[in-house]
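These are the residues of each chain, in order.
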Amino acid sequence: ANALILLAGAAGFIRGVARLVTIHPGWDQEKIIQAVLNLPPAKYSTPQESYLFYTRLQERLRALPGAEDATVAWTLPIFQYLTSRSMAVEGRPPAHPGREPLAFINGVAPSYFSTLGIKLKAGRGFTEADNASSLPVAIINESMAAALFPNQDPIGQRIGTPDPNNPGWCEIVGVVADVDFATGVVPTTTKLLLLRPLAQETWNYVTVAVRARNPAALTDPMRQAIAALDPDLVPQQFGRIED
């Protein structure tokens, strides 16, 4: 009898895990092949040099046979985002220290949303005009819009950090649908997400992603496209999301 109870419990646990991993996270991870790149600062010493490399790489990747779109971001929503920040809304009294809203931050190219299949809910996406010399802008997810602007239109509002000396105000230009991590089982410290144009916050450590109907077929062509621009770069964590 005890063995039957244990077996029944194990079966229920397995079914529960199966439900977790099969929940759709809100983006098309099954169509994505990715690689992590770490551009050496000695070779890519300025944000402009790094972003120029990303622009050229995206052009090459989009031209690959079978590729539907390509993008570059700090990271993809697979396990976790790489950083978070305390947030403040312009014109509002500051929150008590330690009680400021916390949001994940991700820097993304304009094609991030189309490549991953993330839905725009309001406003606009990023464009190439959102560059290092233009007005600082941001896109937030629906959870952040609901939490910080429950009775307001967030479009046009400015958001930044609680630092009064350097708030880094960014104008909100869009709201996108919430997405979950592809693993489906990672607990998060916050549901809030703020996205910044990669051209305005350029990192040397990024994830490159290509969307395709058959992403596995692009493994070698993607490696070759990277090597054609910089033969010294060694892609890491190369492969399909589902692998």
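Values in this document were obtained by computation on a predicted structure and should not be read as measured data.

1. Section: the pattern of salt bridges
When charged atoms on two side chains of opposite charge get close, those side chains can pair.
Step number 1: A full pass over the atoms with the stated rule returns nine salt bridges.
Step number 2: Among the salt bridges present, the one from Glu201 reaches Arg85, with a minimum N-O distance of 2.7 Å. On the criterion of sequence distance, the pair formed by Glu201 in the loop between β10 (193-197) and β11 (205-212) and Arg85 in strand β3 (residues 83-86) is long-range, its members being 116 residues apart.
Step number 3: The partly exposed category is assigned to Arg85, whose relative accessible area is 26%.
Step number 4: The salt bridge partner of Glu201 is Arg196, with a shortest N-O separation of 3.0 Å. The exposure classification of Glu201 matches that of Arg196, with both residues buried.

2. Notes on the environment of Gln58
Step number 1: Tracing the sequence through the fold places Gln58 in helix α2 (residues 47-62).
Step number 2: Look at Gln58 and you get buried, because its relative accessible area is 5%.
Step number 3: Along the chain, Gln58 and Ala109 lie 51 residues apart, while their C-alpha atoms are 9.6 Å from each other.
Step number 4: If we skip the residues at most four places from it in the chain, Gln58 touches Ala70, Thr71, Val72, Ala109 and Ser111.

3. Section: the pairing of strand β1 (residues 32-38)
Step number 1: By the criterion of burial, β1 is predominantly enclosed, with six of the seven residues buried.
Step number 2: When β1 meets β11, the two strands line up antiparallel, connected through seven bridges. Opposite Leu37, over in β11, you have Val206 as the bridge partner.
Step number 3: With three bridges connecting them, β1 and strand β12 (residues 236-240) associate as antiparallel partners. Its bridge partner being in β12, Val36 is matched across the sheet by Gln236.

Reading guide: rules and limits
Residues numbered from 1 in each chain as written. Predicted model: local features only at pLDDT ≥ 70, side-chain atom pairs only at ≥ 80, totals over all residues. Heavy atoms only, no water. Salt bridge = Lys/Arg side-chain N within 4 Å of Asp/Glu carboxyl O. Helix = DSSP H or I, 4+ residues; strand = E, 2+ residues; numbered from the N terminus. Buried < 20%, exposed > 50% of the residue type's maximum accessible area, 1.4 Å probe, protein only. Contact = heavy atoms within 4.5 Å. Pairing = 2+ DSSP bridges.

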